Amino acid sequence: MVDPEDVDYKCTLTEFSLKKAMEELNEDPKQRLGSVQTLRKWIREQPHFTCRTDTRFLLTFLRRAKFSQLVARELIANMLTMRTLHPEYMVNLDIQDAITMAYVETGNMVPFPQKDKDGRQIVLIRTADIKDKRFNAVNDVRTYLGLSEMLREEDENFVVHGTVLVFDLTGFTLKHLQQTTNDENKISSKIYQDCNPERVKAFHFYNAGTLFEVLMGFAKTFFKKKNLERIHVHDSMESLYKAIPMELWPTEYLPDDYKGPSAGSMARIAADMKKRLMDPGVRAKVMTLSSDRYRVDESKRPRDNAPNESFRKLNVD
């Protein structure tokens, strides 16, 4: 029997994405909706949850969990718990607010226009002006989650292929590390690694300089083993080009004598992204999806489901 919530769902994965989803994520098109319905039934049985149960949302978590019901449940429970404990990081994300626009306009956090040959979305994250108080740990997370929510809603293929994060650490100093507290780092790492349905496939650090050892110490404290293994450090753009082809980069990151295709200037990339963010339909969708109504009500939690059991560290790709 088809659940009414599944009636309007139509898979929009490309042939390339579907093949990858079947081979890498254990997705079976014939069992897809059955898996969604099983997860939806479990959510509805949790009296303390207020949670989305639409098909696209549940599929996002199932794909992140490689269609493991247990892992998908843990991700959702973790996400709702963190939204309840730390709403300032995760709820009511407005992709048109001045903070998000500042991250995009300055190029501090910008998705590349084109995906790589594996279909992965590349996101460039640059060192912010330490004197600008808009750029802080909470707003880092809010902006990233808002952009990710938009990208997921725009393209169902996004979750299948995952993301590549590029950190340009030019100008990065010890003061930047000291800007965030240990508690903020713990919260951020939990959100990114244990609650977020996004699949981050690689972390590229460029121009770390003398702070390399300090940064690696930081990573070892907060990164899971699988993510530590995905860290790549580059001391030159030539090294980065081997991982991310030149044609995907903004012109500012290319040699002066380069004549091939590119992503355009940072200003143009930022302007195009702002145009996407200004779509009122997209903004309304992200606001709805990140509504503060989706949370955990501890007063309704069953006695055999203690709060400390609902947040688990996951170890899944």
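The structure this text deals with has already been given above.
Residue numbering note: each chain is counted from 1, following its sequence as written. Reporting of local features is limited, given that this is a predicted model, to residues whose pLDDT is at least 70; pairs of side-chain atoms are given and counted only at 80 or more, and all residues count toward the totals for whole chains, interfaces and linings. The basis for every side-chain value is the complete set of non-hydrogen atoms in the structure, without hydrogens or water.

Trainee: Can you break down the overall build of the protein residue by residue, with the values?
Mentor: When its secondary structure is counted, the protein shows 15 helices and seven strands. The atom set for the radius of gyration is the C-alpha atoms, and the globule formula is 2.2 Å times the number of residues raised to the power 0.38. Taken over C-alpha atoms, the radius of gyration comes to 20 Å for the protein, in line with the 20 Å a tight globule of 317 residues would show. Projecting the C-alpha coordinates of the protein onto the three principal axes gives extents of approximately 60 × 45 × 40 Å. Relative accessibility decides the category of a residue: with a 1.4 Å probe and only protein chains considered, values under 20% of the type maximum give buried, values over 50% give exposed, and everything between is partly exposed. Looking at the protein as a whole, 53% of its 317 residues are labelled buried. Taking the intrachain contacts of the protein between residues at least 6 apart in sequence as the baseline, contacts between residues at least 24 apart amount to 76%. Residue burial considers only the protein chains on display, and all accessible areas are found by Shrake-Rupley using a 1.4 Å probe. When the accessible surface of the protein is summed, it comes to about 15600 Å², and 52% of that surface belongs to carbon and sulfur atoms. The charge count includes Lys and Arg as positive and Asp and Glu as negative, but it does not include His or the ends of the chains. Think of each charge as sitting on NZ of Lys, CZ of Arg, CG of Asp or CD of Glu. Where the 49 positive side-chain charges of the protein centre and where its 47 negative ones centre are 3 Å apart. Strands here are runs of E lasting at least two residues and helices are runs of H or I lasting at least four, both read from the DSSP assignment and numbered beginning at the N terminus. Note on definitions: a residue-residue contact is assigned when non-hydrogen atoms from the two residues lie within 4.5 Å.

Trainee: Outline the pattern of salt bridges, supporting the account with residue identities and numerical values.
Mentor: Salt bridge, as applied in this entry: a Lys or Arg side-chain nitrogen positioned within 4 Å of an Asp or Glu carboxyl oxygen. In the structure shown here, the tally under the stated rule is 23 salt bridges. Residue aspartate 54 pairs with arginine 52 through a salt bridge whose shortest N-O separation is 3.0 Å. The partner of arginine 276 in a salt bridge is glutamate 154, with the nearest N and O atoms 2.4 Å apart. In this pair, arginine 276 is assigned in helix α14 (residues 266-277) and glutamate 154 in helix α7 (residues 137-154), connecting sequence segments 122 residues apart. By relative accessible area, which is 40% here, glutamate 154 ends up partly exposed. Sharing partners across several salt bridges, the network here consists of Asp3, Glu5, Asp6, Arg40 and Arg44.

Trainee: Residue-level account of the sheet that holds strand β3 (residues 121-126), with values.
Mentor: Two strands qualify as a pair provided DSSP detects at least 2 bridges between them. What the five strands build is an open sheet, ordered β2-β3-β4-β5-β6; its pairing is mixed. At either margin of the open sheet sits one strand with a lone partner, and together these are β2 (109-111) and β6 (231-234). Ignoring which end each strand starts from, the neighbouring axes of this sheet average 20 degrees apart. Both β2 and β3 contribute to a ladder of three bridges, which runs antiparallel. Within β3, the position partnered with proline 111 by the bridge is valine 123. Of the strands in this sheet, β2, β3, β4 (163-168) and β5 (200-206) are in contact with α7, which crosses β2 at around 15 degrees. Throughout, an axis means a line fitted to C-alpha atoms (over the contacting stretch in the case of helices), and angles, computed between N-to-C directions, take values from 0 to 180 degrees.

Trainee: Lay out the packing of helix α4 (residues 69-85) against helix α10 (residues 182-195) with the relevant residues and their values.
Mentor: Direction vectors running N to C along α4 and α10 enclose 150 degrees, while the axes themselves pass 9 Å from each other. The orientation of α4 with respect to α10, classified from their angle, is roughly antiparallel. Considering how the two elements wind past one another, α4 and α10 form a crossing that is left-handed. For the pair α4 and α10, contact is made by Leu75, Asn78, Met79 and Met82 and by Ile187, Lys190, Ile191, Asp194 and Cys195, respectively. Residue classes in the contact of α4 with α10 are distributed as six nonpolar, one polar and two charged. To sort the angles, those under 35 degrees are grouped as roughly parallel, those over 145 as roughly antiparallel, those from 65 to 115 as roughly perpendicular, and the leftovers as oblique. Each helix crossing is assigned a hand: it is left-handed if the near helix lies turned anticlockwise from the far helix by less than a right angle, otherwise right-handed if that turn is clockwise. Residue type decides the class: Asp, Glu, Lys and Arg count as charged, Ala, Val, Leu, Ile, Met, Phe, Trp, Tyr, Cys and Pro as nonpolar, and the leftover types, Gly among them, as polar.

Trainee: An account of helix α15 (residues 280-289) is needed here, citing residue identities and associated values.
Mentor: Buried residues of α15: Val282, Val286 and Leu289, and no others. Taken end-on, α15 shows its buried residues confined to a sector of 65 degrees, consistent with a single buried face. Considering only its buried residues, α15 is in contact with α7 and α14. What qualifies as a polar contact is a pair of N or O atoms within 3.5 Å, subject to a donor-acceptor requirement within protein and to the restriction that residues adjacent in sequence count only when both atoms come from side chains. The N-cap residue of α15 is aspartate 279: its side-chain oxygen and the backbone nitrogen of glycine 281 are 2.8 Å apart. What the arc describes is the spread of directions from the helix axis to the C-beta atoms.

Interpretation note: all reported values are geometric properties and have no functional meaning in isolation.
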